[in-house]
Amino acid sequence: MTAPSESAESPQALVRVFTQRFSCTRRGARLARQLALVELHDWGIPDRSGLSEDAGLLIAELAGNAVVHGRVPGRDFELRLSLLPGALRIEVSDARRDRRPVVRPHEYGAEGGYGMRIVDAVAADWGVRDRVIGKTVWAECALNAPLTG
């Protein structure tokens, strides 16, 4: 779903938007990443470019976290891509407000993985916001060049 739009959440005008819900399964997380990369290609972000690779990594991690840590039986997760002037915003929403991601320091034997450390290293910025049901974790990648698409 691609549509030009104005954002009520941000003063920046949206250039393009893709929003899709997926089953809260590992298969749903893989499908979210694959469909997002196809959509980004259609927006003029070439396959295997730095931006495409970074976006794929962020989508995989955020969708994977939604499936593993944000799953509520019977509820889907939602992926939203927003192409803004100067940035690609990736948002993944799930139904659990109580399990918020944090970047944990490297500790031997610590519970949890390195996923949010990867997000923190790859994204220009990221954060979490509450929704009516659940939360949205977002990350942004800076656009270093104009898109052709």
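Please read these numbers as outputs of a predicted model, since none were measured by experiment.

The rules behind the values
Residues numbered from 1 in each chain as written. Predicted model: local features only at pLDDT ≥ 70, side-chain atom pairs only at ≥ 80, totals over all residues. Heavy atoms only, no water. Helix = DSSP H or I, 4+ residues; strand = E, 2+ residues; numbered from the N terminus. Buried < 20%, exposed > 50% of the residue type's maximum accessible area, 1.4 Å probe, protein only. Contact = heavy atoms within 4.5 Å. Areas by Shrake-Rupley, 256 points an atom, 1.4 Å probe, with all protein chains shown as cover. Axes fitted to C-alpha atoms, helices over the stretch in contact; angles between N-to-C directions. Parallel < 35°, antiparallel > 145°, perpendicular 65-115°, else oblique. Left-handed = near helix turned anticlockwise from the far one by under 90°. Nonpolar A, V, L, I, M, F, W, Y, C, P; charged D, E, K, R; others polar.

Colleague: Teacher, can you tell me more about the overall build of the protein chain here?
Modeller: Helices and strands together make up the secondary structure of the protein chain, namely 3 helices and 7 strands. Along the protein chain, helices and strands appear, N-terminal first, in the series β-β-β-α-α-β-β-α-β-β. Every one of the 149 residues in the protein chain was classed for burial, and the buried ones make up 42%. For the protein chain, the proportion of contacts with a sequence separation of at least 24, taken over those separated by at least 6, is 66%. Carbon together with sulfur atoms contributes 50% to the accessible area of the protein chain, which is approximately 8,600 Å² in total.

Colleague: Please clarify how the packing of helix H2 (residues 50-69) against helix H3 (residues 115-122) should be interpreted in this entry.
Modeller: H3 packs onto H2 with a crossing angle of 150 degrees between their chain directions and a minimal axis gap of 10 Å. In terms of axis orientation, H2 runs roughly antiparallel to H3. Every pair of crossing elements has a handedness; the one defined by H2 and H3 is left-handed. Residues Asp-54, Leu-57, Leu-58, Glu-61, Leu-62 and Asn-65 of H2 lie in contact with H3, whose contacting residues are Gly-115, Met-116, Ile-118, Val-119 and Val-122. Class assignment for the residues of the contact of H2 with H3 results in 7 nonpolar, 2 polar and 2 charged.

It is worth stressing that arrangement in space is one thing and function is another; only the former is reported here.
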